[in-house]
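Analysis of the macromolecular model
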Amino acid sequence: MNDLENLFKELSIKPKNISLYKRAFTHSSYANEHKGLESYERLEFLGDAIVDLVVADYLYENYSENEGEMTKVRASYVCEDALYEYSIKLHLDKLLLVGQGELSKDSKSMKASISDIFESLCAAIYLDLGFATVRRVVLKIVTPYIKKGVKFFEDYKSALQEAVQTEKESVIYNLVNEEGPSHDKKFTVEAVIDGIVYGRGTAKSKKEAEMEAAKEALAKLAV
């Protein structure tokens, strides 16, 4: 039994369109090296919305927190670290197809790709088997972490502000780079304190890039 069949067994699904799942694990670098193949990027775009909806719906139905608190909780379970954990749990990293050039890239880049393919897999399941099936799969993977109170996401921006407010000015976040197509943007932000760059972060949204920059800044301040 190959890795893809093992995955289907693990998720208790019976796919109809195998090509969708193969595309879900095809990195753009691999698609570029093999003419005729499509990367997972469009699927990942759709899967991002699907995972957000399923987790938001679960929190709405099972918790009584206000909008602000539920937004924070949802962010924890759909952030890059969380998606990476889900992918590793399902051994999706073994299914990821990358080009030769991509293999030499830094581990942070590969982590982002491994995180992406959880979302692209969810999109493939949705398109192939419908929303009810993908909802079941997402909840099967995500809810154990929610019930155990596992924290993937910390409010690094608030923590950084608290760390500097007694002796320094407020933290300023500057967008220094924006690249990629509209459906797959990457933003780079710097955390600046008193005119000095303390942290730099890159992510698929400005908010997450700011969090990454704040995280790095906190690490430097702790030294």
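Let us look at the pairing of strand β3 (residues 196-203). Across seven bridges, strand β2 (residues 186-193) lies against β3 in antiparallel orientation. What sits directly across from Glu190, in β3, is Arg200. Between β2 and the antiparallel strand that follows it, β3, lie two residues; Asp194 among them carries a positive phi value of about 50 degrees.

Here we take up helix α1 (residues 3-11). Within the span of α1, buried status applies to Leu4, Leu7, Phe8 and Leu11. Buried positions in α1, seen along its axis, are confined to an arc of 100 degrees and lie on one side of it. The backbone nitrogen of Leu4 has a side-chain oxygen 3.1 Å away, supplied by the residue at the start of α1, namely Asn2.

So, about the side chain of Glu44. By secondary structure assignment, the location of Glu44 is in helix α4 (residues 41-62). Accessibility expressed as a relative area gives 5% for Glu44, which makes it buried. With sequence-adjacent residues up to four places away left out, Glu44 is seen in contact with Asp116, Glu119, Ser120, Asp184 and Lys204.

Moving on, we get to a positive patch on the surface. Among the surface-exposed residues, Lys89, Arg136, Lys140 and Lys148 lie close enough to one another that they form a single positively charged patch. Tallying contributions element by element places helix α9 (residues 131-148) first for the positive patch, with three residues.

Moving on, we get to the pattern of salt bridges. Counted according to the given criterion, the structure contains 11 salt bridges. With a shortest N-O distance of 3.4 Å, Glu119 and Lys204 are connected by a salt bridge. In this pair, Glu119 is assigned in helix α8 (residues 107-129) and Lys204 in the loop between β3 and α11 (206-222), connecting sequence segments 85 residues apart. Under the relative-accessibility criterion, Glu119 is labelled buried at 1%. Residue class for Lys204 comes out partly exposed when judged on its relative accessible area of 33%. Between Lys220 and Glu216 there is a salt bridge, with its nearest N and O atoms 3.8 Å apart. Of this pair, Lys220 and Glu216 both sit in helix α11, four residues apart, roughly one helical turn. Taking relative accessible area as the criterion, Lys220 reaches 46% and is therefore assigned partly exposed. Its relative accessible area of 32% is what places Glu216 among the partly exposed residues. Residues participating in the shared-partner salt-bridge network are Glu44, Asp116, Glu119 and Lys204.

Rules used in this analysis
- Residues numbered from 1 in each chain as written.
- Predicted model: local features only at pLDDT ≥ 70, side-chain atom pairs only at ≥ 80, totals over all residues.
- Heavy atoms only, no water.
- Pairing = 2+ DSSP bridges.
- Helix = DSSP H or I, 4+ residues; strand = E, 2+ residues; numbered from the N terminus.
- Buried < 20%, exposed > 50% of the residue type's maximum accessible area, 1.4 Å probe, protein only.
- Arc of directions from axis to C-beta.
- Polar contact = N/O pair within 3.5 Å; in protein donor to acceptor, adjacent residues only side chain to side chain.
- Contact = heavy atoms within 4.5 Å.
- Patch = residues over 30% accessible without salt bridge, like charges linked within 9 Å, V, L, I, M, F, W, Y side chains within 5 Å.
- Areas by Shrake-Rupley, 256 points an atom, 1.4 Å probe, with all protein chains shown as cover.
- Salt bridge = Lys/Arg side-chain N within 4 Å of Asp/Glu carboxyl O.
- Lys, Arg positive; Asp, Glu negative; His and termini not counted.
- Charge placed at Lys NZ, Arg CZ, Asp CG, Glu CD.

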